[in-house]
Amino acid sequence: MVQGPNGSKNASGGGGDYRATLSSTGNFFAPGVITVSAPGGADIPALSASITVPAFPTMTSPPPDSANLTSVTRANGMTVTWSGGSPAGFIELDGFSYTDNTFTNGISFQCSVPAGSGSFTIPPSVLLPLPAGNFGGLNFDPQVMPVSIPGTGLTVTQITFKYDYFTPLSFK
């Protein structure tokens, strides 16, 4: 069960594997306390853990969720900006570029930055190894620090919360 400011949703499953689409539009989650709980079973006791989700930052540049490619000159670096967010959170910036539309050969990178800073410049030294072309992108993933799930016999012992903005990129 997942309970948050906008109500409760059940996650079906068994054998320790629970999955659910809580919202295909992203409107289930809101800032506040989110609690994940499960009744337990023969090998694992019932569990419950809560995570406080702050107001997340909003990506402002490059344009998030755009239908159009944003051109990036790798030698100049790329500045990512956002507004809002909690200083206690962080943002994962996952970028990539592939050689063609088969998405078989390419290079990716990952940067984790404090959410409170409002901007981060991905340096040329990170971008220059990426192949030039129109098959790139950037995922902007604000996240909350993980919270431990109490209990024994658990394989996964933490919960966290994140969401994603995506920007298609053309690397020059």
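Scroll up to find the structure.
Definitions and limits used
- Residues numbered from 1 in each chain as written.
- Predicted model: local features only at pLDDT ≥ 70, side-chain atom pairs only at ≥ 80, totals over all residues.
- Heavy atoms only, no water.
- Helix = DSSP H or I, 4+ residues; strand = E, 2+ residues; numbered from the N terminus.
- Buried < 20%, exposed > 50% of the residue type's maximum accessible area, 1.4 Å probe, protein only.
- Areas by Shrake-Rupley, 256 points an atom, 1.4 Å probe, with all protein chains shown as cover.
- Lys, Arg positive; Asp, Glu negative; His and termini not counted.
- Charge placed at Lys NZ, Arg CZ, Asp CG, Glu CD.
- Core = buried A, V, L, I, M, F, W, Y, C linked by side-chain atoms within 4.5 Å.
- Contact = heavy atoms within 4.5 Å.
- Pairing = 2+ DSSP bridges.
- Axes fitted to C-alpha atoms, helices over the stretch in contact; angles between N-to-C directions.
- Phe/Tyr/Trp six-rings, centres within 6.5 Å; stacked < 30°, edge-to-face > 60°.
- Polar contact = N/O pair within 3.5 Å; in protein donor to acceptor, adjacent residues only side chain to side chain.

A. Fine view of the overall build of the protein chain. Counting secondary structure elements, the protein chain contains one helix and 16 strands. Viewed in the frame of its principal axes, the protein chain has a C-alpha envelope of about 55 × 35 × 25 Å. Counting over 172 residues, the protein chain shows a buried share of 33%. Carbon and sulfur atoms provide 54% of the accessible area of the protein chain, an area that totals close to 9300 Å². With 5 positive and 8 negative side-chain charges, the protein chain shows a separation of 6 Å between the mean positions of the two kinds.

B. How the structure looks around the nonpolar core. Grouped together as the largest cluster of nonpolar side chains are 19 residues, with contacts concentrated most on M78, V80, L93, I122, L127, L138 and F140. Counting residues per element, the ones that place at least two in this core are β9 (78-83), β10 (90-98), β11 (106-114), β13 (133-143) and β16 (165-171). Among residues more than four places away in sequence, those in contact with M78 are P62, V72, F120, T121, I122, L127, L138 and L169.

C. Layout of the sheet that holds strand β2 (residues 7-9). Read across the sheet, four strands follow the order β2-β1-β5-β6 without closing on themselves; strand pairing throughout is antiparallel. Edge positions in the sheet fall to β2 and β6 (47-53), since each has one partner strand and no second. Each neighbouring strand pair of the sheet contributes to a mean axis angle of 15°, computed without reference to strand direction.

D. Here's a closer look at the sheet that holds β13. Spatial strand order, β8-β16-β13-β10-β11: five strands in an open sheet with mixed pairing. Only two strands of the sheet have a single partner each, and these edge strands are β8 (70-72) and β11. Neighbouring strand axes in the sheet, compared pairwise and without regard to direction, differ in orientation by 30° on average. By the bridge criterion, nine bridges tie β10 to β11 in an arrangement that is antiparallel. Bridging across to β11, Y98 finds its partner in G106.

E. Structural context of the environment of V36. Secondary-structure assignment places V36 in strand β5 (residues 32-38). On the accessibility criterion, V36 (27% relative accessible area) is partly exposed. When the C-alpha atoms of V36 and I51 are compared, they prove to be 8.5 Å apart, with 15 residues separating the residues in sequence. Each residue touching V36, except ones within four places of it in the same chain, is listed here: M1, V2, L47, S48, A49 and I159.

F. The packing of aromatic side chains, seen in detail. With the rule as written, the count across this model stands at six aromatic pairs. Ring centres of W82 and F140 lie 5.7 Å apart, and the angle between their planes is 55°; this geometry places the pair in the tilted category. Here F140 lies in strand β13 and W82 lies in strand β9, a separation of 58 residues in the sequence. The exposure classification of W82 matches that of F140, with both residues buried. Pairing F96 with F166 gives two aromatic rings, centres 6.2 Å apart and planes at 15°, and the pair type is stacked.

G. Up close: the environment of G137. With respect to the helices and strands, the residue G137 is situated in strand β13. Overall, G137 belongs to the buried group, its relative accessible area being 0%. It is 5.6 Å that separates the C-alpha atoms of G137 and F96, two residues lying 41 residues apart in sequence.

H. Examining the side chain of T167 more closely. Topologically, T167 is positioned in strand β16. Of note is the side chain of T167, whose polar atom sits 3.0 Å from the backbone oxygen of P63. In this view, T167 contacts M59, P62, P63, P64, D65, T70, G137 and L138; residues no more than four positions away in its chain are not counted.

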